[in-house]
Amino acid sequence: MSGYNELIKNFEKTRDYVRDFFIYGFKVRGDFVRKSARTYDDEKRRVESWFGDLLRYDDSIRGRQISISVDSEHIPENPLYQAFYSKSFTDNDIRLHFLIQDVLFDGRALPLKDIVDEIDSRYGIFFDEQTVRNKLKEYVSEGIIIAEKRGKTAYFSLSADRADVFLEEFNGLDDAVKFFSQTGEFGVVGNSILKAAGVENDLFFMKHNYIVHTLEDAVLPEIVDAIERKRFVSLRTFSARSGGAKASENFIVPMRVSASVQTGRRYIVGYIPAYNRFNSFRLDCIRAVKQGDICAEYDDIRAKYRKNEGRCFGVSFGERRETGNVEPLVVTIRVGKGEEHIIDRLEREKRCGTVQKLSDELYELTIDAFDPVEPMHWIKTFIGRIVKLEGGNAAARKLFDDDIRRMNEMYNGKGGETSDDIQ
Amino acid sequence: MTIFSEIYGVYYRIASRAMSRESLSDGDVYELIRELGFRDSALFLPRKLLPQKDSTDWGLLRRNADGSLSRITENAPPAVLTLLQKRWLKAKLSDARFRLFVDDETLDRLENRLADIKPMYRPEHFRYFDRFTDGDNYADPVYRANFRVVLEAIKACELLKISYVSGHGERVCFTCLPMRLEYSEKNDKLRLFNRKYRNGRLLNGSVINLGRITGIVRTGCFFTDSADAAGKKRGTVTVYVAPERNAVERFLMEFASYEKRVERDLVSGGCTAVLHYDKPDETELLIRLLSFGAAVEILKPEGFRAQAAERVAAQAKLTRGEI
C-alpha cells in the first residue's frame, strides 16, 4: 500500500468503482479487469475509507464480494457525496486558501503585491507573486474572491456572502437546502452548503431515490451549460454491456436531460447531425464531455425535438425503419369492482397515452409512441388484468405472450394452475 | 467551477473547524478528524495539521507554550458561499417546492440578493418522463400552511391534531407526534411519519400523505421524552434474475435504491438477489418484479411467490381468452 492516498486527483476512475460496488454488489477482485490488482486494492481501500459502515462483505465461492448496501429511504444523507469531497491538493493550496481569506477578512480590497506582503509579514510564509496570482484567479472564478480594476491595477476582496449567515438571514432557507440536498438536481451542491454551515439534514428522507445518480453530477453541469449556451457537445461514452471496454465519441446537439424516477436511468437526449436524428445517451455511460461551437440551428432543432418528445414514452425515438409506420399500441385492461385505484394508476402513469372507458370493467389504453416496445415494461405491471394487446409491433406482442407462457410455467407448472380473481 | 474541488473537501473542512476554535488540544484535533474525516484520515491528517519539528505540516496551527494549539490566522475561517453554491440556490428558487419553505417576502429578498447570479440549470433542462402526474399541489396555500405547521411541530416535538381523508375516503381525526417527512421522487408527494398519541401514550407509527390533510391544529403540548420514529415493518424477497435481455443490469439499476444482497450464478450468468423492503410497499414491489416478465422469478417467501403466481395465472387465462 505504499503511496496510497485516500484523496484522489481524478473523479472518473473512482466513479466507475463506486458505481460497480453500489450497483452490482456481486463483483469480486477478479471481475475488475480494467486496471491492475494494485489499482483495485487502492480503490477498494478508498471506498472503504469513505463509506465505512455502509460497506458489506460477503464471501462467495468466487471470492470476497464488496457492496455498498443502503436503503435510500432510511438515510438522511446520500453517502456517495463523500466521493466528491476527496479531491487531492498541494500544501500550498490549503495554506493559501486560509491565509488569503484571513488577509482579506476585514473587507479591504488589496492589490496582489500587498496580499503577498501581508502573508509574508503576518504569518512568516513567503509565496512568489505568480503562485498567489494563480490562486486569486482561481478563487475569482469560484466566486470566493471579487476582483475589480482600479486604474491598471487589479484589487481583490473577499466575497461577503457566507453560507452560515445566508441560512440564518433567510428564514426557512436552511430547511429548503436540507430538502433539496437530498432530492432533485445536483443535491451534492446543497449538501456542501450544509457542510460549510455546520448543519445536517435531520428532517427529510427520500423514497424511490437513486442516490447513485450523484456520480453523474461530475459530467452533468457541462452538458446543462451546453444546453443553455446552445452549443454542440462531444460525449466520450462507453457501452455498459461491454463492461466499459467499448468506447466511442459522439458529437451531438444536446436538448434535454431525460430522467426516469422508476428505473434509475438518466439520459441526455440530443440531435446527431451525422445521422440526422435524435437519440439518447445514458449519463452513467458518459466518461467525458467537451463543449463545442454554438449551433446556429439550435432553436429550429429544439422546436422539432419538442414536437417529437410528445411521442416518446421514455427516451426512445424508435427504429428508423419503423418511424412513421408504427401503429398505436392498444391495451385493454380489466378493472374489477372496488378497484378504482387501477384507474387512478392508468391516469397518472400513462404519460403520452390516453385512457378510455369501454365498460364498467374494461378500460382501453392507447399509446401512440415512436417505440412501441418501450411501454411494455410498464404494461407488464398490469399482469393479471391485460385482456387484449393490439397494434404496436408484432415482435413486442409475441414477446409478451411468450413471457406470460413462460411465467405461467415458472410459477404454476406445466399447464398452469389458474385463478379467476386477483386482489 | 466544479463540485469535485478541494475547497469543498473533507480535509479543508476539518482544517477550517480546527481553526474556528481559539484554542484546542491535540486530542481535539484527533476528535475532529474522527468526527468529520474519512476512516483513514487519521493516518494522513494529524501530521499535516499538528505542528511538526521538520515543518512538513501545513503551518496552519501553532503550538503554544502551555502545549495547546491555536490558529496562525487572526480570524476564524469564513464559510464563503461560492459561485457554484449560489448558482445552485438560484436554480432552486424556480422550483415549486421551494415555496413550501419560504414566504413571499423572504423569496423576494433572496431573489434580489441573487439577482446577478445565473442559475446552475433551468427546470426545462430536465424532463422526468415517468413521474406520476397526481403529485402534491405545492402551489396550494392550504397545503403550504399545513406543511409549515408540520415542519415546525417536528422540530419542536409538538403534538398535532390532524383531520385527514384516508385513501378509502374515510374522514379520520387523531392526535399525533409528527416524526419526519418523506418525499417520493416517483410519486412527487410528501408523507408524514407520525406516532399516534392517546391517553398520554405514544402508539404505533403511521404514515399519511400530506396532501390528504384537511385540518391541522397545534396543541401547545410538547413531547419531551425521546421517541423514535416507528419504522415500517420490513420484509425480504429472494429473486432470481436470468441473463437475458440485459435483465441483470436493468434489474440492478432499477432496484439500486433497495438494501440488497446479490450473488452471481456462475453457471447461468444470472444472479440471485435478496431485497429488503417496507411491508406496506409489497404490492408496488410485486408489480415491479412482474414487469421484468420471465427474466425475474420470485423464489421466496412462499406467500410473495403465491401472489405472483395468482396474477400470472389470471393473465394466462386472459391471454388464452378463457376469461
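Draft legend 1. Representation of the overall build of chain A. When its secondary structure is counted, chain A shows 13 helices and 15 strands. With respect to the three principal axes, the spread of C-alpha positions in chain A is 90 × 55 × 45 Å. Sorting the 423 residues of chain A into buried and exposed places 41% on the buried side. Across chain A, every contact between residues at least 6 apart in sequence was considered, and the portion connecting residues at least 24 apart equals 63%.

Draft legend 2. Quick look at the packing of helix α4 (residues 112–123) of chain A against helix α5 (residues 129–142) of chain A. Residues and elements named next belong to chain A. As a packed pair, α4 and α5 sit with axes 10 Å apart at the nearest point and diverge in direction by 110°. In terms of orientation, α4 and α5 fall into the roughly perpendicular class. The crossing of α4 and α5 is right-handed. Facing Leu 112, Lys 113, Ile 115 and Val 116 of α4, the residues of α5 in contact are Glu 129, Val 132, Arg 133 and Leu 136. For the contact of α4 with α5, the per-class residue count stands at five nonpolar, no polar and three charged.

Draft legend 3. The arrangement of the packing of helix α3 (residues 91–103) of chain A against helix α1 (residues 10–20) of chain B in detail. At a closest axis distance of 11 Å, the pairing of α3 of chain A and α1 of chain B adopts a crossing angle of 40°. If you check the angle between α3 of chain A and α1 of chain B, you find them oblique. Along this stretch, α3 of chain A crosses α1 of chain B, giving a crossing that reads as right-handed. Contact residues: Ile 94, His 97 and Phe 98 of chain A in α3 of chain A; Tyr 12, Ala 15 and Met 19 of chain B in α1 of chain B. A breakdown of the residues in the contact of α3 of chain A with α1 of chain B according to their chemical character gives five nonpolar, one polar and no charged.

Draft legend 4. Broad picture of the domain arrangement of chain A. You can read the domains of chain A as domain 1 (11–69), domain 2 (73–211), domain 3 (219–309) and domain 4 (329–412). Taking only C-alpha atoms, the centre of domain 2 of chain A and the centre of domain 3 of chain A are 31 Å apart.

Draft legend 5. Just the environment of Ile 287 of chain B, in detail. Residue and element names in this part refer to chain B. Locating Ile 287 in the fold gives a position in helix α9 (residues 282–290). Residue class for Ile 287 comes out partly exposed when judged on the 19 C-beta atoms lying within 10 Å of it. With 21 residues separating them along the chain, Ile 287 and Ala 308 place their C-alpha atoms 8.4 Å apart.

Draft legend 6. Structural view of the sheet that holds strand β5 (residues 153–158) of chain A. The strand order β3-β5-β4 (chain A) describes an open sheet built from three strands, whose pairing is antiparallel. The two strands at the open ends of the sheet, each matched to only one other strand, are β3 (110–111) and β4 (145–150) of chain A.

Draft legend 7. Broad picture of the domain arrangement of chain B. Parsing chain B into structural domains produces domain 1 (6–71), domain 2 (83–125), domain 3 (141–222) and domain 4 (234–319). Put simply, the middle of domain 2 of chain B and the middle of domain 4 of chain B, counted by C-alpha atoms, are 41 Å apart.

Draft legend 8. Up close: the sheet that holds strand β10 (residues 259–264) of chain B. All names here are of chain B. A sheet is described by the order of its strands in space; here four strands give the open sequence β10-β11-β9-β12, paired in antiparallel fashion. Each edge of the sheet is formed by a strand with only one pairing partner; in this case those strands are β10 and β12 (296–300). Strand-to-strand twist in this sheet, taken as the mean axis angle between neighbours without regard to direction, amounts to 25°. In the sheet, strand β9 (residues 234–241) pairs with β12 via four bridges, with the strands oriented antiparallel. Residue Thr 238 lies in a different strand from β12, and its bridge partner there is Lys 300. Packed onto the sheet, α9 meets β9, β11 (271–278) and β12 and runs at close to 5° relative to β9.

Draft legend 9. The confidence of the model for chain B, seen in detail. In the predicted model, chain B carries a mean pLDDT of 94, and 98% of its residues have values of at least 70. On the interface metric, ipTM, the complex scores 0.94, and its pTM is 0.93.

Thresholds, definitions, all that
Residues numbered from 1 in each chain as written. Chains lettered and ligands numbered in written order. Predicted model: local features only at pLDDT ≥ 70, side-chain atom pairs only at ≥ 80, totals over all residues. Helix = DSSP H or I, 4+ residues; strand = E, 2+ residues; numbered from the N terminus. Buried ≥ 20, exposed ≤ 12 C-beta atoms within 10 Å, placed from the backbone. Contact = placed C-beta atoms within 7 Å. Axes fitted to C-alpha atoms, helices over the stretch in contact; angles between N-to-C directions. Parallel < 35°, antiparallel > 145°, perpendicular 65-115°, else oblique. Left-handed = near helix turned anticlockwise from the far one by under 90°. Nonpolar A, V, L, I, M, F, W, Y, C, P; charged D, E, K, R; others polar. Domains from an automatic or database assignment. Pairing = 2+ DSSP bridges. pLDDT = per-residue confidence, 0-100.

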